[in-house]
Amino acid sequence: MSADTAGPETLGSLSTEPEHQDPNSQQAKEIAGKSPMRIALGRLAKDKIAVVCAVVVLFFIICAVFAGPISAAFGVSLETPLASERVDGLNQGLPKPEMGPPNGPFTMEHPMGVAPRTGEDNLAYWLYGCRVSLLIAATATLFASVVGVIVGLLAGFLGGAVDKMLSFFIDMFLTIPFLLAALTIAPIINDRFNLSDNYGTIQKTALIVVLSIFGWMGTARLIRGEVLALREREFVQAARVMGMPTRRILFKELLPNLAAPIIISISLMLPTFVALEAGLAFLGIGVTDGVSWGQTILKATNLTFFREYPQYLWQPLLGIVALVLSLNLLGDAVRDALDPKTRR
Amino acid sequence: MFAYVVKRLISGVLVVTLVSMAIFLLFWYGPSSPAQPICDRETSNRCTPARLDTYERTLGYDNPVYVEYGKFVEGIFVGRTITIASSEYECGAPCLGVSFRTKQPVKEELVSRIPATFSIAIGGAFLYLLFGVPIGVAAAKRRGSVADKALVSSFLFISSIPYYLFALLTWLYLTITFEVPLFSDTGYFPITQDGPFKWFSGMFLAWVALGIFGCTQYTRFTRGAMVEALSEDYIRTAKAKGLPTRTIVYKHGLRAALVPVVTIFGIDFGTLLAGTIFTERIFEIQGIGWWALEAVQGRDLPVVQATALFSAVILICSNLLVDVVYSVLDPRVRLS
């Protein structure tokens, strides 16, 4: 590369360098001022799949946050006046033709049709189901990440007996799968609270607790490994020599360096929790008292409904698939962007 | 080696004890009264406080929790007699309690459910390896080609869909809508009663669904391990010697690459055994998972407790086994 082709502003800074610069090192100079996070974001923005997935995820977040206004805008609500006004009891409880599919044409009144037998509006249930799904997954991810990060930090940094004990608990919790825990706790929650007025809220809280209790170990392991490597680095040793208290070292020195593994573990947890929430509701052991995509799927797998009205099944099903798929692919792209060495 | 196995065994026993305590405590303190479900059932929902008290007393819920846990453990090793109200039920050696619904010892029904769950797990796991390993090897051999990239991204796509939705759609469309002959009647049919063909055709769709879904993960593992193994120096040496590609890939490469795959397989098999709930629920196979779900719906607490304990023990044992096998396969593990 000759001096004429390089711009005047680079000339000054490069004047001490040899004339024949290879393009790579020049590029490295230009991005030298960026933080690792900005570099990762730049990589992510160039990844077409990641951008598409981010848009899809954003769409679901908007649906979840504005479930109320959106359903109001379409003039639908969770409340059903009278089931017999909307469904035809003589025709296996399928919706009446004027309510839209499967027997009638599309109507603006119920853009996604109504549910068989109960006559509930599908669009409203879909929107609120999206809210429940994301709310439970996000809250559980938050709790599980906090617990995982704290346990991982302590186990990795303190070492010794603390590490042994915490690692034992990590291994112990890893042997018990989510599904089993949820299955065990469901009848207990049912037995204790089924007469309570806010049974639905209690169920959701219990679900979040179960997901958090059995979801933190992956993060803890990941963080522990990173901390083990980081604690021998010079800046941590310097902080120690200066007499910085352990808590400050953990949260001021180590934590900012753990942003990448934390983001990675969140990206793994979110889609898992969304899928699990719906899966448990489908089994009848998650949210059974309230709105959930999984519950709608369970109702829609009734064989008469499925034969006559497959759209009823496909609406929540596509919701879950699209959300989980885009969260997974986005997470994959984020992991690539944060650590480009792993894949190529 | 021996010391390592003993160490792992001790920690395994410790975990089993802790988990059994946790489960016992959960079922003791969790429900408003552990005897409420049976009282409701026996009195057809007219459970008065006096009657509830009788059930609680005969089931031992007025004793301190550690005494009852002791009895529970004793029951597992030597058996015990369980009293519910005025009737007594004999519960033989590994006593896990008496079902609230059928009044039969839980163990007997658990044993009768095991073949169905085992059939799913064995068939599914077999297909994991049958599809996963060869596809992974083939992809690693053609690393970087269009076919490899297409395979990797399409498998990433499949494995990003929740398993139960995949299984549900396979069942709904293949069995219900299109009535594909081989898949038309899913469920568990004991070999001894209905013959091997019926057993096979009942299970086949569940296996295929599990196999297709699970093999994506194995393809990824095998591909990764193979790519790594094929870049080792001894492979270059083998190539330089002029060995045929087949020998290099299968004898030298695959052998090294299979070690991590075997480990993951062991863990997965345990998980499969303990957690075929979705598969059983969707394909109507009446194994342990199906039974546990029924018990949850029927508020049959002893059955739920027993299935939870059984699955946890299976998982712990399979993890233990994997660790030991791994230490045999790879001596570096037990030295660290």
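The rules behind the values
- Residues numbered from 1 in each chain as written.
- Chains lettered and ligands numbered in written order.
- Predicted model: local features only at pLDDT ≥ 70, side-chain atom pairs only at ≥ 80, totals over all residues.
- Helix = DSSP H or I, 4+ residues; strand = E, 2+ residues; numbered from the N terminus.
- Buried ≥ 20, exposed ≤ 12 C-beta atoms within 10 Å, placed from the backbone.
- Contact = placed C-beta atoms within 7 Å.
- UniProt positions renumbered as here; feature names shortened; annotations may be inferred.
- Axes fitted to C-alpha atoms, helices over the stretch in contact; angles between N-to-C directions.
- Parallel < 35°, antiparallel > 145°, perpendicular 65-115°, else oblique.
- Left-handed = near helix turned anticlockwise from the far one by under 90°.
- Core = buried A, V, L, I, M, F, W, Y, C linked by C-beta atoms within 7 Å.
- Pairing = 2+ DSSP bridges.

The next subject is the overall build of chain A. A count of helical and extended segments in chain A gives 17 helices and 2 strands. Counting every position in chain A, which comprises 344 residues, the buried fraction comes to 40%. Long-range pairs, those at least 24 residues apart, make up 69% of the contacts in chain A between residues at least 6 apart in sequence.

Right, let's get into the overall build of chain B. Helix and strand counts for chain B come out as 14 helices and 2 strands. When the backbone C-alpha atoms are referred to their principal axes, chain B occupies close to 85 × 55 × 35 Å. Pairs at least 24 apart in sequence give 65% of the contacts found in chain B among residues at least 6 apart.

Taken together, the 38 residues of chain B in the interface contact 30 residues of chain A. Listing elements by their share of the side of chain B that touches chain A, those giving two or more residues are helix H1 (2–29), helix H2 (36–42), helix H7 (163–177), helix H10 (245–274), helix H11 (277–282), helix H12 (288–297) and helix H13 (301–329) of chain B. It is H13(B) that contributes the most residues to the side of chain B that touches chain A, 8 residues altogether.

As a further point, take the environment of Leu96(B). Residues and elements named next belong to chain B. Looking at the secondary structure, you find Leu96 in the loop between strand E2 (87–91) and helix H5 (106–141). In this structure the C-alpha to C-alpha distance between Leu96 and Arg80, which are 16 residues apart in sequence, comes to 9.7 Å. For Leu96, the contacting residues outside a window of four places in its chain are Val106, Lys107, Leu110, Ala306 and Leu309.

Residues and elements named next belong to chain A. In this numbering, the UniProt entry assigns the feature "transmembrane region" (unreviewed entry) to residues 49–74, 132–156, 168–189, 201–223, 254–276 and 312–334. Helix makes up 100% of residues 132–156 and strand 0%, whereas the separation of the span's terminal C-alpha atoms amounts to 35 Å. Across residues 312–334, the secondary structure splits into 100% helix and 0% strand, with the terminal C-alpha atoms separated by 34 Å.

Once that is clear, we can look at the environment of Phe269(B). Residues and elements named next belong to chain B. Looking at the secondary structure, you find Phe269 in helix H10. Its 19 C-beta neighbours within 10 Å are what place Phe269 among the partly exposed residues. Residues Phe269 and Cys317, spaced 48 residues apart in sequence, show a C-alpha to C-alpha distance of 11 Å. Excluding residues within four positions of it along the chain, Phe269 makes contact with Ala121, Ala125 and Ser318.

Moving on to the packing of helix H4 (residues 48–65) of chain A against helix H17 (residues 310–338) of chain A. Helix packing geometry: the angle between the two helix axes and the distance between the axes. Residues and elements named next belong to chain A. Packing of H4 against H17 leaves a shortest axis separation of 8 Å and a crossing angle of 135°. One finds that H4 runs oblique with respect to H17. The way H4 lies across H17 gives a crossing that is left-handed. Side by side, H4 and H17 meet where Ile49, Ala50, Cys53, Ala54, Val56, Val57 and Phe60 of the first sit next to Ala322, Leu323, Ser326, Leu327, Leu329, Leu330 and Ala333 of the second.

Attention shifts here to the nonpolar core. Among the nonpolar cores identified, the biggest contains 175 residues, and Ala182(A), Leu183(A), Leu211(A), Phe273(A), Val274(A), Ala206(B) and Ala292(B) are the most heavily contacted of them. Of the residues forming this core, the biggest block, 18 residues, is contributed by helix H7 (residues 122–158) of chain A. Setting aside residues up to four positions removed in sequence, Val274(A) forms contacts with Ser133(A), Ala137(A), Leu323(A), Val324(A) and Leu327(A).

Before going further, it helps to spend a moment on the UniProt feature "transmembrane region" (unreviewed entry) in chain B. Residue and element names in this part refer to chain B. Under the UniProt annotation, the feature "transmembrane region" (unreviewed entry) is placed at residues 9–29, 116–139, 151–176, 196–216, 256–278 and 308–329. Taken as a whole, residues 9–29 contains 100% helix and 0% strand, while its terminal C-alpha atoms sit 30 Å from one another. Note that residues 196–216 is 100% helix and 0% strand, and that its end C-alpha atoms are spaced 29 Å apart.

What follows is about the UniProt feature "domain: ABC transmembrane type-1" (unreviewed entry) in chain A. Cross-referencing UniProt, the feature "domain: ABC transmembrane type-1" (unreviewed entry) maps to residues 130–331 of chain A in the present numbering. Helix makes up 83% of residues 130–331 of chain A and strand 0%. Its end C-alpha atoms lie 19 Å apart.

A few words on the pairing of strand E1 (residues 80–84) of chain B. Residues and elements named next belong to chain B. As paired elements, E1 and E2 share 5 bridges and run antiparallel to each other. Within the sheet, the bridge partner assigned to Ile84 lies in E2 and is Ser87. Here E1 folds back onto E2 in antiparallel fashion, the turn holding 2 residues, of which Ala85 has a positive phi close to 50°.

One non-glycine residue, Arg117(A), lies in positive phi territory at about 70°. Looking at where Arg117(A) falls in the secondary structure, it is placed in the loop between strand E2 (94–95) and H7. Non-glycine residue Lys103(B) carries a positive phi angle of around 65°. Here Lys103(B) lies in the loop between E2 and H5.

Right, let's get into the environment of Leu183(A). Inspection of the secondary structure assignment puts Leu183(A) in helix H9 (residues 178–193). Once the C-alpha coordinates of Leu183(A) and Ser77(A) are considered, the two residues, 106 residues apart in sequence, prove to be 32 Å apart. Excluding residues that lie within four positions of it along the chain, Leu183(A) makes contacts with Ile285(A), Ile277(B), Ala292(B) and Val296(B).

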